[in-house]
Amino acid sequence: MYSKELLKGTLKPILLKLLSDRGAMYGYEIVQAVKQMSLGKIVIKEGSLYPLLHALLAEGILETESRKVDGRTRKYYALSKKGKTETVSALGELEDFMSTIKLILTTKPTTQL
Amino acid sequence: MSIREQQIKEIRKYLLESGLDIPAVVDDMQDHFCCVIEDSLRAGNSFETAFAEARLLVPPEDIREIQSDTIYYLTIKSKIMHVKGIFLTAFFSVFLYVLGTIIYKFMILSGAGPAGEIRFILQTLGLVVFGFGFLPLLFSFGYKQFVARLQA
């Protein structure tokens, strides 16, 4: 499992990508999907997921639909129109960041600054 | 395998007693707990065991953290706007007051126009911004901070 610090900045793009690919999902489903896709290496904690979902909802990036399931309310989160645009820029930024990190890690020092 | 209505109420009671009181987040967490418990029931555990495991997984401290983090995310933008308002009104009230004094001195020295009236208008505007902008914003911010500290 990766450290909380490493996951902190990547949770939002992961979430947006997942909702972009799979459509509306509920909280537990998101946790399980990420766990399965990452082969158990990324486990999203409830304490990270739900505050983020509600922040994105307040920003208008996500929208919800409540359904009654087995006597309880289940909220499905989906990308709004604004969220679809945000996903493209968030994923672009993450990819750029990953290639920069890779560059730093693989570049051998040639000259001393 | 689904959970009975009484058991759902028990889960909700645990969440509310742990300090979670944002209705939308309570619904989310209630469903989350139910899903975790249902997985455990499918594995052959009783509701009591499954619920105890779920509580260990998400103890009351974590629930309180979810509550405070959600409030933080939902209010951070308005807090920033509030602080900006405090600084801007402070700046404009001082600016108008000082400008009134400078213009007055300048006009008196050059002997031009109604210096007293211009000073009166600018300084009154400065005091209005101070009294009806800066002070209410400052007091409401202080009050909100005080209430938040009491609730923490």
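Residues numbered from 1 in each chain as written. Chains lettered and ligands numbered in written order. Predicted model: local features only at pLDDT ≥ 70, side-chain atom pairs only at ≥ 80, totals over all residues. Heavy atoms only, no water.

Asker: If you had to explain the domain arrangement of chain B to someone new, which residues and values would you point to?
Answerer: Each assigned domain of chain B is listed here: domain 1 (5–58) and domain 2 (75–151). A straight line from the C-alpha centre of domain 1 of chain B to that of domain 2 of chain B covers 52 Å. (Domains from an automatic or database assignment.)

Asker: Explain the UniProt feature "transmembrane region" (unreviewed entry) in chain B to me, using residue names and the numbers behind them.
Answerer: Residues and elements named next belong to chain B. UniProt feature "transmembrane region" (unreviewed entry): in the numbering of this structure it lies at residues 86–108 and 120–143. Counting secondary structure, residues 86–108 comes out at 100% helix and 0% strand; the distance between its end C-alpha atoms is 33 Å. For the annotated span residues 120–143, helix accounts for 100% and strand for 0% of the residues, and the straight-line distance between the end C-alpha atoms is 33 Å. (UniProt positions renumbered as here; feature names shortened; annotations may be inferred. Helix = DSSP H or I, 4+ residues; strand = E, 2+ residues; numbered from the N terminus.)

Asker: Could you give me a rundown of the interface of chain B and chain A, with the residues and numbers involved?
Answerer: Where interface size is given, it is often the accessible area lost as the parts come together that is meant. Tallying the contact residues gives 25 residues for chain B and 22 residues for chain A. For the pair chain B and chain A, the two sides together bury roughly 1900 Å², of which 58% comes from carbon and sulfur. Of all residues in chain B, B:Asp28, B:Asp31 and B:His32 give up the largest surface area on contact with chain A, accounting jointly for 28% of the area buried on that side. Counting the contacts that link chain B with chain A gives 10 residue pairs in polar contact (both at pLDDT 80 or more). (Contact = heavy atoms within 4.5 Å. Buried area = accessible area lost by both parts, 1.4 Å probe. Polar contact = N/O pair within 3.5 Å; in protein donor to acceptor, adjacent residues only side chain to side chain.)

Asker: Explain unusual backbone geometry to me, using residue names and the numbers behind them.
Answerer: All names here are of chain A. Phi at Leu 39 takes a positive value of approximately 55°, unusual for a residue other than glycine. Of note, Leu 39 is situated in the loop between helix H3 (27–37) and helix H4 (46–58). With a relative accessible area of 76%, Leu 39 lands in the exposed category. In this structure, Asp 70 is a non-glycine residue whose phi angle is positive, near 50°. (Buried < 20%, exposed > 50% of the residue type's maximum accessible area, 1.4 Å probe, protein only.)

Asker: Residues and numbers for the pairing of strand E1 (residues 62–69) of chain A, please.
Answerer: All names here are of chain A. Bridge count for E1 against strand E2 (residues 72–79) is eight bridges, and the pairing is antiparallel. Following the sheet pairing, Ser 66 is matched in E2 by Lys 75. Between E1 and the antiparallel strand that follows it, E2, lie two residues; Asp 70 among them carries a positive phi value of about 50°. (Pairing = 2+ DSSP bridges.)

Asker: Report on the side chain of B:His82, specifying residues and quantitative values.
Answerer: Secondary-structure assignment places B:His82 in helix H4 (residues 60–110). Engagement of the side chain of B:His82 in a polar contact is seen with the backbone oxygen of B:Leu137, the distance being 2.9 Å.

Asker: Explain the packing of helix H1 (residues 5–17) of chain B against helix H2 (residues 23–42) of chain B residue by residue, including any values.
Answerer: Residue and element names in this part refer to chain B. With their axes 10 Å apart at the nearest point, H1 and H2 run at an angle of 125° to one another. The orientation of H1 relative to H2 falls into the category oblique. At the point where H1 passes H2, the crossing takes the right-handed sense. Contact residues: H1 offers Ile 8, Ile 11, Arg 12, Tyr 14, Leu 15 and Leu 16, while H2 offers Val 26, Asp 27, Met 29, Gln 30, Phe 33, Cys 34 and Ile 37. (Axes fitted to C-alpha atoms, helices over the stretch in contact; angles between N-to-C directions. Parallel < 35°, antiparallel > 145°, perpendicular 65-115°, else oblique. Left-handed = near helix turned anticlockwise from the far one by under 90°.)

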